[in-house]
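# Analysis of the macromolecular model
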Amino acid sequence: MHLFSHLLFLTVTLHFDVIMGGRAQRKQRQAEEKLRPYLGRVDPESLCQLLKCHSPIGSWCQVVDDRGLLVPKCVCPKTCPRQGAPVCSVLGKMYSNECLLHKEACRKKRRIGRAHTGVCLVSESQCTEEELGQFPYRLLDWFLLLSRMGERYTPAAPSQSCLTHTQRTQLAQRRFELLDRNRDGKLSRRDLKKLHYKRMPLEHCAQRFFQ
């Protein structure tokens, strides 16, 4: 019975990987097709900036020679220089260069986004119990800020402390739904890591709160 359950799990996992892999490859073909009319007419480095890599998972865009024509293509790096411009991932891990980030992402078959160029920011302050208790309110302030990004700036816009209980609940619910990609009503630790580093790199209570 145990062996049967194990085989069933492997079969379902393999089937899921095939479906997801096929979907990513289809998206990749569509993305490359959109750029096809510009090949040979626009700088391939500029086209690379426009090409979003879906497949292989973890890949990044590089200019390659395709039968004498330089084209943008999503590839997994096989070798990387040891030095370069350091980058910090959305998971808060620093890499010596972006090539190494994508090399690890390809090896693990995971999408690891870049938070910013440069070393990862780390807060040296210790989180007190009082500050930890206040963290949910600061988190709501971040949610409010994120919800207003891209909207017209209004200096008189109230902070979350001026919102009603219903408005605060709706604000948190909207942000939760954005983070809950698979709509299972749960947030994985990886989702929370993305949230607390990419959006709040210097929030010294985030690590304790999300543990």
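The structure displayed is predicted, hence computed values, not measured ones.

### Things to note about the pairing of strand 2 (residues 69-75)
Direction of pairing for strand 1 (residues 60-66) relative to strand 2: antiparallel, over a ladder of seven bridges. Counterpart to Cys 61 in the pairing with strand 2 is Cys 74. Where strand 1 folds back onto strand 2 in an antiparallel hairpin, the turn is made up of two residues, including Arg 67, whose phi is positive at roughly 55°.

### Some remarks on helix 3 (residues 98-108)
When we look at burial in helix 3, the residues that qualify are Cys 99, Leu 101, His 102, Glu 104, Ala 105 and Cys 106. Where helix 3 is buried, its residues contact strand 1, strand 3 (87-89), strand 4 (94-95) and strand 5 (114-117). Sitting at the amino-terminal end of helix 3 is Asn 97, which places a side-chain oxygen 3.2 Å from the backbone nitrogen of Cys 99. Positive backbone phi, at 55°, marks Lys 109, one or two positions downstream of helix 3.

### Considerations on the state of the cysteines
Scanning all chains against the criterion turns up five disulfides. The disulfide bridge from Cys 76 ends at Cys 106, spanning 2.1 Å between sulfur atoms. The disulfide joining Cys 76 to Cys 106 has a torsion of about -85° about its S-S bond and is therefore left-handed. With Cys 76 in the loop between strand 2 and strand 3 and Cys 106 in helix 3, this pair connects stretches of sequence that are 30 residues apart. Two residues share a disulfide in this structure: Cys 80 and Cys 99, whose sulfurs sit 2.0 Å from each other.

### Digging into the confidence of the model for the protein
Caution applies to low-pLDDT parts of the model: their predicted coordinates are not meant to be read in detail. Here the protein averages 77 in pLDDT, while 72% of its residues score no lower than 70. Across residues 1-20, where pLDDT falls below 50, the model places zero contacts with residues more than four positions away in sequence or in other chains. Every residue in residues 150-158 is under pLDDT 50, and counting partners more than four places away or in other chains gives three contacts.

### Observations concerning the pattern of salt bridges
Per the stated rule, a full pass over the model turns up five salt bridges. A salt bridge links Glu 33 to Arg 36, with the nearest nitrogen and oxygen atoms 3.3 Å apart. Ionic pairing is found between Lys 108 and Glu 104, a salt bridge with its closest N-O pair at 3.2 Å. Placement of the pair is Lys 108 and Glu 104 together in helix 3, with a separation of four residues, close to one helical turn. The class for Lys 108 is partly exposed, based on a relative accessible area of 37%. Here Glu 104 falls in the buried class, since its relative accessible area comes to 13%.

The rules we used
Residue numbers run consecutively from 1 along every chain, following the written order of its sequence. Since the coordinates come from a predicted model, pLDDT governs what is reported: local features require at least 70, and pairs of side-chain atoms require 80 or more to be given and counted, while whole-chain, interface and lining totals use all residues. Neither water nor hydrogens contribute to the side-chain values; these are computed over all heavy atoms in the structure. Only strands that DSSP links by at least two bridges are regarded as paired with each other. Numbering goes from the N terminus for both helices and strands, where a helix is a DSSP run of H or I of at least four residues and a strand is a run of E of at least two. Relative accessibility thresholds used throughout: buried, under 20% of the residue-type maximum; exposed, over 50%; partly exposed, between the two (1.4 Å probe, protein chains only). Two residues form a contact once any of their heavy atoms are found within 4.5 Å. Side-chain atoms alone can form a polar contact between residues adjacent in sequence; in general such a contact is a pair of N or O atoms within 3.5 Å, and within protein one must be able to donate a hydrogen while the other accepts it. Any pair of cysteine sulfurs within 2.5 Å is marked as a disulfide. Each residue carries a pLDDT score, the predictor's own confidence in it, on a scale running from 0 to 100. One speaks of a salt bridge when a side-chain nitrogen belonging to Lys or Arg is within 4 Å of a carboxyl oxygen belonging to Asp or Glu.

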